[in-house]
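# Tertiary structure, described
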Amino acid sequence: MFVTADVKKSAIKRCAFCKYWNDPANRCIRPKFANVGLWEYDNSAEAVCLKKGMKYKAFNSCQDYECKIS
C-alpha cells in the first residue's frame, strides 16, 4: 500500500527515503507532487539498512537518516 509523505519536512524520516535503505532502483518510492516535496512510498516494503546491516520496513526511521531525495 502506497502512503504519501512530505519529504521536505525534517520530521518525516522514513527509511524508504533514506540513502542507507537498500533500494537502489527506488522501486518503493514514487513522486506524487515532487515539486512541493510530496512523494509516495510502499509502507509494507522491506530492505536492508546499509549502515546497520539489518532489515527494516519502509515506514521505520532512526537517527542515522539521510534523505536520498534532493
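Residues numbered from 1 in each chain as written. Predicted model: local features only at pLDDT ≥ 70, side-chain atom pairs only at ≥ 80, totals over all residues. Heavy atoms only, no water.

### Remarks on the sheet that holds strand 3 (residues 38-42)
We count it as follows: Here, a strand pair is defined by DSSP locating no fewer than two bridges between the strands. Secondary structure elements follow DSSP: runs of H or I no shorter than four residues count as helices, runs of E no shorter than two count as strands, and numbering proceeds from the N terminus. Whenever a helix is involved, its axis is fitted only over the stretch in contact; in every case the axis is a line through C-alpha atoms, and angles between N-to-C directions fall within 0 to 180 degrees.
An order of 1-3-2 is seen for the 3 strands of this open sheet, with the pairing classed as antiparallel. Strands at the two margins of the open sheet, each flanked by one partner only, are strand 1 (2-6) and strand 2 (29-33). Sheet twist, expressed as the average angle between the axes of neighbouring strands with direction ignored, equals 35°. Looking at chain direction, strand 2 and strand 3 are connected through 4 bridges and run antiparallel. Within strand 3, the position partnered with Phe33 by the bridge is Leu38.

### A closer look at the pattern of salt bridges
Rules: Should a side-chain nitrogen of Lys or Arg be within 4 Å of a carboxyl oxygen of Asp or Glu, the pair is scored as a salt bridge. For every residue, the accessible area (1.4 Å probe, protein chains only) is compared with the maximum for its type, and the residue is labelled buried under 20%, exposed over 50%, or partly exposed between those bounds.
Applying the stated criterion to the full structure yields 5 salt bridges. Glu46 is paired through a salt bridge with Lys57; the nearest N and O atoms lie 3.5 Å apart. Residue Glu46 is found in strand 4 (residues 46-48), and its partner Lys57 is found in strand 5 (residues 55-57); the two are separated by 11 residues along the sequence. For Lys57, a relative accessible area of 31% corresponds to the partly exposed category. The salt bridge involving Lys52 is made with Asp64; its shortest N-O contact spans 4.0 Å. With Lys52 in the loop between strand 4 and strand 5 and Asp64 in the segment after strand 5, the pair connects residues that are 12 residues apart, well separated along the chain.

### Some points on the state of the cysteines
To keep things clear, this is the line we draw: In plain terms, two cysteine sulfur atoms within 2.5 Å form what is called a disulfide here.
Tallied over the full model, the rule gives 0 disulfides. No disulfide involves Cys28; its sulfur sits 12 Å from that of Cys15, the nearest cysteine. Cys28 gets classed as buried once you look at its relative accessible area, which sits at 15%. The closest cysteine sulfur to the non-disulfide-bonded Cys49 is located on Cys62, 5.9 Å from its own sulfur. Given the relative accessible area of 9%, Cys49 is considered buried.

### Re the side chain of Asp23
Going by this rule: Two residue types count as positive, namely Lys and Arg, and two as negative, namely Asp and Glu; His and chain ends fall outside the count. In this description, contact between two residues means that some pair of their heavy atoms is separated by no more than 4.5 Å.
On the secondary structure map, Asp23 appears in the loop between strand 1 and strand 2. Of the buried charged residues, Asp23 lacks a salt bridge, with Arg27 as the closest side chain of opposite charge at 4.3 Å. Residues contacting Asp23, with those up to four places away along its chain left out, are Cys28, Ile29 and Lys68.

Everything listed is a geometric property; what it means functionally is a separate question.
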